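Chain by chain, the residues run as shown.
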Amino acid sequence: MENVDPCRLFVKDVKRIIIKVGTAVVTRQDGRLAVGKLGALCEQIKELNSLGYEIILVSSGAVGLGRQRLRYRKLIHSSFADLQKPQVELDGKACAAVGQSSLMALYDTLFSQLDMTSAQLLVTDNDFKDKDFRKQLSETVKSLLALKVIPIFNENDAVSTRKAPYEDSSGIFWDNDSLSALLALELKADLLILLSDVDGLYSGPPSDPHSKLIHTYIKEKHQNEITFGDKSRVGRGGMTAKVKASIHAAEAGIPVIITSGYTAENIIRVLQGQRIGTLFHKDAHKWAILKEIDAREMAVSARDCSRQLQALSSEERKQILLRIADALEAHQKEIRIENEADVAAAQEAGYEKSLVARLVLKNEKVASLAKNIRIIANMEDPIGRVLKRTELAEGLILEKTSSPLGVLLIVFESRPDALVQIASLAIRSGNGLLLKGGKEAKRSNAILHKVITEAIPDAVGAKLIGLVTSRAEIPELLKLDDVIDLVIPRGSNKLVSQIKSSTKIPVLGHADGICHVYIDKSANLDVAQRIVLDAKIDYPAGCNAMETLLVHSDLVEKGWLDNIIADLRTEGVTLYGGPKASPMLNIPLAHSLHHEYNSLACTVEIVDEVHAAIDHINLHGSAHTDAIVAEDLQVADVFLRQVDSAAVFHNASTRFSDGARFGLGAEVGISTSRIHARGPVGVDGLLTTKWILKGSGQIVDGDKAVMYTHRELAV
């Protein structure tokens, strides 16, 4: 099974779930209960319960909670002299007895707030030796689940015949991990989820940056590769116990997932089929996911190859781009075949026409891409340019130079031509690249990636540009802030917002393209008509298309607004009005003045003067691209200076906001960020700076050994 996502194979048949919560999840560093995390857990269980799932909870934490409470009691009843004596460790069984009632009281309170009921079931190892007990246990749990009650299990450490909690690991079960696995078998669960304080099972200690998260555990592959770190800071289990319990349950036919209890809604995400944590399954060895591409390995390979690319001369990097341009033209037929298959599949799936239009790669488009690559290839070499030169002291010269960022991660939707543009810019700027395109362009992206990487010489390596084929890899890539230097999302508002909230890596992009065109009373009305129509209908799905038309109130009286509305309607544009325009023009009220249509639709609003237009744009716009049509140069100058957007135009269509049209050769996207790059981002936006100091043996010696001149030199 190629490219199988294992989680999706079994979650659709899941009904009865056992969730085990570790001590490290339910308590804070100081030993007190983590009430917020427990509350979030109970809310997830409530949601799952309402969806028809049967939830059984196995909760640790009683001994730790009891120990914390008894220490406090002992402290307040101790004299100063008592506190000077060596402190004797508290009896674990007493701690369990005190902590269990406190733990259940909290669960009861939390579930009551959610209109749910919980039930406590304390068991010992000896209980399971009794066949009648096991039968009665199953019947009791069945009755509780039928009543929508949440059974909460824990080992009854207070009366257990073990020597002491956390020490004795003999018997039918020996901790709550093995208890949960045993209960999964006894109660015929469909899934066991073990919540931990880490994201899952790693190849080494999770704190080691070289450790890799194992998504699917293959006993034959992983049992000799894993190095376990320290045991849990609390509790008796740790990852070793979880793995042992998971293997036991999985071999008996019950899928197990170890995942973080700290991450919001992780249980729900598991049941949605997302690739969360580490999966244990009896059929895991059969899945092709065994050969999954490791996210870190892909990113590190791209970084290593980028350093080889940077070591080449400018002419050698130029030749790579020229070979890619030739290869695209030479493989037009294969590209067209794969692209037509994507387009046909998208049409059959009922995708919007605007998305299908962005998918299409005709021969003319491929030829245009090749042409733009040659333009980029013939640009001045962007790497190592001296931006500033300063003499710090005699014979001590400091240079500020341009330098590649490192590794870029680009996540884009629909447009396969974006892959070519971004790849060419990355090569010219000396950066490694990871690309994740939308599934609707899967075949187009694959053939374009193949053509491009085959043109990259072995001295650099084809892994310079990695193509991420699984959506499940994205969360892992977004964690690699030590390897990936910049993320650029190109797509919907939802995509950009999700990525920004999911990573520590700097993100360059824009969430919306709400572009305005303001028609001033001084405008040449023929010019205004051409600009408005072009900005809206030339390519309505573009992020630089006009979404709001602002018109000076004087032009309403002159009848021009009626004329332009008629023209827009003739072109099939659906119109919505702002608070002033809607009743005046008898058009529907726009549900929001901050809205990107991406289609043949736009908002119209009337303003009294240029400052009102500026205020409207700064309040409701997205800081992308905005334009004024005016003959009054003073008014135009006020607009250009005061509109706070990445690109502001005078007497020109917003559609000019594009890397190729700006002469950048291509663009990786349009940024509305204020730091690093803004507007259409070409090669320069993929560079940072490096300081190079050239001396002749100078030393600082408390600044006594050097006479500073700080003299600016010609570059």
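Residues numbered from 1 in each chain as written. Predicted model: local features only at pLDDT ≥ 70, side-chain atom pairs only at ≥ 80, totals over all residues. Heavy atoms only, no water.

## As for the pattern of salt bridges
Next up, step 1: Evaluation of the coordinates by the stated rule reveals 26 salt bridges.
Next up, step 2: For Arg 16, the salt bridge is made with Glu 54, and the minimal N-O distance between the two is 2.8 Å. Of the two residues, Arg 16 sits in strand β1 (residues 16-21) while Glu 54 sits in strand β2 (residues 54-59), which places them 38 residues apart along the sequence.
Next up, step 3: Its salt-bridge partner being Glu 391, residue Arg 711 comes within 3.1 Å of it at the nearest N-O pair. A residue pair is termed long-range when its members are at least 10 positions apart, and Arg 711 in strand β24 (residues 708-713) and Glu 391 in strand β9 (residues 386-393) qualify at 320 residues.
Next up, step 4: The exposure class assigned to Glu 391 is buried, which follows from its relative accessible area of 12%. (Salt bridge = Lys/Arg side-chain N within 4 Å of Asp/Glu carboxyl O. Helix = DSSP H or I, 4+ residues; strand = E, 2+ residues; numbered from the N terminus. Buried < 20%, exposed > 50% of the residue type's maximum accessible area, 1.4 Å probe, protein only.)

## Thoughts on the packing of aromatic side chains
Next up, step 1: A full pass over the atoms with the stated rule returns 6 aromatic pairs.
Next up, step 2: With a centroid separation of 5.5 Å and an interplanar angle of 80 degrees, the aromatic rings of Phe 128 and Phe 133 are classed as edge-to-face.
Next up, step 3: A residue is classified by how much of its surface remains accessible, and Phe 133, at 22% relative accessible area, is partly exposed.
Next up, step 4: Relative to Phe 280, the ring of Tyr 217 lies with its centre 4.7 Å away and its plane at 25 degrees, an arrangement referred to as stacked. With Tyr 217 in strand β6 (residues 216-217) and Phe 280 in strand β8 (residues 278-280), this pair connects stretches of sequence that are 63 residues apart. (Phe/Tyr/Trp six-rings, centres within 6.5 Å; stacked < 30°, edge-to-face > 60°.)

## What about the nonpolar core?
Next up, step 1: With 50 residues, the main nonpolar core has Leu 328, Ile 427, Leu 433, Leu 435 and Ile 465 as its most contacted residues.
Next up, step 2: A per-element tally of this core places helix α17 (residues 417-428) first, with 8 residues.
Next up, step 3: Other than its neighbours up to four places away in sequence, Ile 465 contacts Ala 423, Ile 427, Leu 433, Leu 435, His 449, Ile 452, Thr 453 and Ile 456.
Next up, step 4: Grouped together as the second largest cluster of nonpolar side chains are 37 residues, Leu 38, Ile 45, Leu 103 and Ile 193 included. (Core = buried A, V, L, I, M, F, W, Y, C linked by side-chain atoms within 4.5 Å. Contact = heavy atoms within 4.5 Å.)

## Topic: the packing of helix α14 (residues 332-348) against helix α18 (residues 442-454)
Next up, step 1: For the pair α14 and α18, interaxial distance at closest approach is 7 Å and the crossing angle is 160 degrees. With respect to α18, the element α14 is oriented roughly antiparallel. Both α14 and α18 take part in a crossing whose hand is left-handed. The residues of α18 that touch α14, namely those facing Glu 334, Ile 335, Glu 338, Asn 339, Ala 341 and Asp 342, are Lys 442, Arg 443, Ser 444, Ile 447 and Leu 448.
Next up, step 2: Of the residues belonging to the contact of α14 with α18, the class tally is 4 nonpolar, 2 polar and 5 charged. (Axes fitted to C-alpha atoms, helices over the stretch in contact; angles between N-to-C directions. Parallel < 35°, antiparallel > 145°, perpendicular 65-115°, else oblique. Left-handed = near helix turned anticlockwise from the far one by under 90°. Nonpolar A, V, L, I, M, F, W, Y, C, P; charged D, E, K, R; others polar.)

## Comments concerning the packing of helix α13 (residues 314-330) against α14
Next up, step 1: Two elements in contact, α13 and α14, have axes separated by 5 Å at closest approach and are oriented at 65 degrees. Contact residues: α13 offers Leu 328, Glu 329 and Ala 330, while α14 offers Gln 332, Glu 334 and Ile 335.
Next up, step 2: For the contact of α13 with α14, a count of residues per class yields 3 nonpolar, 1 polar and 2 charged.

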